[in-house]
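What follows is the residue order along each chain.
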Amino acid sequence: MTHTSADDWTAATVVPGPGGGTLARFGPVVLLVGSDDPEVVRPYLEHAEMVAANGGQGRQLIRGFALMLSTSIDQSPGFAAIAPHTTGLAVFVDGDVVVSVDGEEISGAQSLAWVERLIPWPVTSVSAALPGAAAPAEGTAYRLDGGVVPAGGFLVPTTGGTPAEPVLRPSTQVRAPQPPPDVEAPPVVEPVVEPVVEPVVEPVVEAPPVVAPVAGRPLPPTPADEHVSFQSVLMSDVEDDVDDFEPLPIVEDAAQVHDDHAHEQVRGVYCKNQHFNDPRVLFCGICGINMVQQTPVLVNGPRPPLGVIVLDDGAVFQLDTPYLLGRDPAPDERIVAGEFRPLPIIDQSNQVSRVHARLELRGWDVVLVDNNSTNGTYVHLPKTPDWVRMPPGSEQVLVQGTRVRIGHRTLAFNTHAGAVS
Ligand SMILES: [Zn+2]
């Protein structure tokens with residue numbers, strides 16, 4: 001079937017395939033993790049469940065996993081997570097997992113960070129596989145309606161399976177009808193944390209005769225009768241919907257700030273696909289293509305956003321402009337003059353100065369500068385054991401995954417530009 005909305009997707013058939021990982025389905029959220037270790041898998045399951053319990057919004061799924069990878073996960077086993085968004089299907093892939101949507105393959109293997117995409121509706125065929133595993137062929141007599149099972153891949157078939165309106169199934173159906181997608185917490189979403197607890201895999205009761213499986217002889221995949229082409233886009237390029245929370249700060253005088261910083265020129269290199277990059281990166285931050293094998297040509301170009309700051313409450317601030325961070329940065333003359341945008345740090349601890357620190361963009365670097373704050377600015381660099389207090393007034397270049405603590409609040413720096421050689 002062709003999925004043209006979040007409701008369609010929530011009612012889709014999900015077919016698990018064999019392999020050594022963990023597959024979970026919580027309402028509209030489908031998660032494939034490249035591990036069967038309960039301790040490793042647990043945080044991924046918890047986030048997927050939380051997103052499902054909040055209605056299964058793709059944007060929340062992606063934000064949460066991005067924050068998780070940059071702050072609390074040292075070694076990811078590789079995973080893929082999918083949830084619907086209002087305008088399409090949100091796909092998040094980290095590591096060697098390959099997700100295929102209507103023939104386009106999405107993998108994090110070539111990317112130093114992760115890959116996130118929004119595939120606009122309609123979406124017809126979706127599959128995913130861990131390294132060394134294959135997505136199941138169409139016609140396989142298993143499906144996962146909810147819960148957590150061992151698996152190496154999954155398939156949302158193009159044919160057969162689920163009618164568009166699952167609640168209208170005939171009463172001969174053995175399986176209980178799925179709840180309407182608006183239900184906040186579907187009954188199948190139980191707090192299952194262990195990978196193998198009560199797997200809800202059951203044979204398809206009313207498999208269409210043309211794809212009825214024959215024991216020991218898997219049928220070849222049913223050819224898709226149409227190929228719907230699409231263009232995938234980065235989630236961060238997609239405008240928020242009204243029912244989604246607003247990630248970017250409201251700027252009183254947007255035109256003023258925008259004009260000051262939007263077209264700042266920097267020296268950089270273009271990848272083969274014409275994405276403008278930091279000359280120091282090994283892989284394109286947009287498409288992930290290897291930049292090493294091409295002869296770098298330094299040219300001037302418009303500086304793209306250098307990443308995002310994600311606050312511990314999920315708020316996201318795009319680094320296309322410098323920011324003043326603090327309890328009440330808005331009255332500062334540098335904000336009034338349009339040189340900086342405010343990034344308010346709301347904290348009950350009374351340890352945040354009015355202007356506590358600032359984030360500057362220098363070339364391709366994001367630089368954190370302590371503003372001689374009373375209680376200090378702390379940073380935790382990736383692969384280091386401790387939080388370190390910055391000397392008053394000192395600077396710190398942020399790298400992917402750097403965490404910053406101001407008062408009792410924590411910020412994480414995420415960039416798709418990846419590690420610097
Ligand atoms: Zn590129």
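Residues numbered from 1 in each chain as written. Predicted model: local features only at pLDDT ≥ 70, side-chain atom pairs only at ≥ 80, totals over all residues. Heavy atoms only, no water.

A.B. asks: Mind laying out the side chain of Ser394, listing which residues take part and the relevant values?
C.D. replies: Checked against the element boundaries, Ser394 lands in the loop between strand S20 (388–389) and strand S21 (395–397). Overall, the relative accessible area of 19% leaves Ser394 in the buried class. Those residues within four positions of Ser394 in sequence are excluded, and the remaining contacts are Leu368, Val369 and Asp370. (Helix = DSSP H or I, 4+ residues; strand = E, 2+ residues; numbered from the N terminus. Buried < 20%, exposed > 50% of the residue type's maximum accessible area, 1.4 Å probe, protein only. Contact = heavy atoms within 4.5 Å.)

A.B. asks: Which residues make up the sheet that holds S20, and what values do they have?
C.D. replies: With respect to topology, six strands assemble into an open sheet ordered S14-S13-S23-S22-S19-S20, the strand pairing being antiparallel. The open sheet terminates on both sides in strands that have one partner only, identified here as strand S14 (316–318) and S20. As defined by bridge partners, strand S19 (residues 377–380) adjoins strand S22 (residues 403–406) across four bridges and the pair is classed as antiparallel. Paired with Val379 across the bridge in S22 is Val404. (Pairing = 2+ DSSP bridges.)

A.B. asks: Account for the coordination of the zinc ion, naming residues and giving values.
C.D. replies: The protein atoms donating to the zinc ion are Cys271 (SG), His275 (ND1), Cys284 (SG) and Cys287 (SG), with metal-donor distances spanning 2.0 to 2.3 Å. The site at the zinc ion holds four donor atoms, and with the angles between them running 104 to 115 degrees, its shape is tetrahedral. The sequence pattern formed by the donor residues of the zinc ion is C-x3-H-x8-C-x2-C. A residue pair is termed long-range when its members are at least 10 positions apart, and His275 in the loop between strand S10 (265–270) and strand S11 (276–277) and Cys287 in the loop between S11 and strand S12 (299–302) qualify at twelve residues. (Donors = N, O, S within 2.8 Å, 3.2 Å for Na, K, Ca; no water. Tetrahedral: all angles 85-135°; square planar, octahedral: opposite > 155°, others 65-115°.)

A.B. asks: Tell me about the sheet that holds strand S2 (residues 29–33), and name the residues and values.
C.D. replies: Here nine strands make up an open sheet; going across it, the order is S6-S5-S8-S9-S1-S2-S3-S4-S7 and the pairing antiparallel. Both outer strands of the open sheet, strand S6 (104–107) and strand S7 (115–120), are each paired with one neighbouring strand and no more. The mean inter-strand angle of the sheet, taken between neighbouring strand axes irrespective of direction, is 30 degrees. As paired elements, strand S5 (residues 98–101) and S6 share four bridges and run antiparallel to each other. Within the sheet, the bridge partner assigned to Ser100 lies in S6 and is Glu105. Here helix H2 (residues 38–53) sits on the sheet and contacts strand S1 (15–26), S2, strand S3 (79–85) and strand S9 (147–156); the angle it forms with S2, its principal contact strand, is near 170 degrees. (Axes fitted to C-alpha atoms, helices over the stretch in contact; angles between N-to-C directions.)

A.B. asks: I'd like a description of the pairing of S2, backed by residues and values.
C.D. replies: It is a general feature of regular strands that their side chains alternate between the two faces of the sheet. Here S2 lies mainly inside the structure; five of its five residues are buried. In S2, alternate side chains face the same way, and those of Val29, Leu31 and Val33 on one face and Val30 and Leu32 on the other are all buried. Sheet topology places S1 next to S2; five bridges connect them, and they run antiparallel. The partner of Leu23 across the bridge, within S2, is Leu32. Hairpin geometry of S1 and S2 is characterised by an intervening segment of two residues between the two adjacent antiparallel strands and by a positive phi of about 55 degrees at Gly27. Of the pairings in the sheet, the one linking S2 to S3 comprises four bridges and is antiparallel in character. Along S3, the bridge assignment pairs Leu32 with Ala80.

A.B. asks: Give a detailed account of the pattern of salt bridges, specifying residues and quantitative values.
C.D. replies: Under the definition given, this model contains twelve salt bridges. One salt bridge connects Arg280 with Asp278, and the closest N-O pair in it is separated by 2.8 Å. Residue classification places Arg280 among the partly exposed residues on the basis of a relative accessible area of 32%. For Asp313, the salt bridge goes to Arg409, with nearest N and O atoms at 3.4 Å. On the criterion of sequence distance, the pair formed by Asp313 in the loop between strand S13 (308–311) and S14 and Arg409 in strand S23 (residues 409–414) is long-range, its members being 96 residues apart. (Salt bridge = Lys/Arg side-chain N within 4 Å of Asp/Glu carboxyl O.)

A.B. asks: Talk me through unusual backbone geometry; I want residue IDs and the actual numbers.
C.D. replies: Residue Trp121 is joined to Pro122 through a cis peptide bond whose omega torsion reads 0 degrees. Locating Pro122 in the fold gives a position in the loop between S7 and strand S8 (126–129). With a phi angle near 50 degrees, Asn372 is a residue other than glycine that sits in the positive phi range. Here Asn372 falls in the exposed class, since its relative accessible area comes to 56%. Phi is positive for Lys383, close to 65 degrees, though the residue is something other than glycine. When you line up the elements, Lys383 lands in the loop between S19 and S20.

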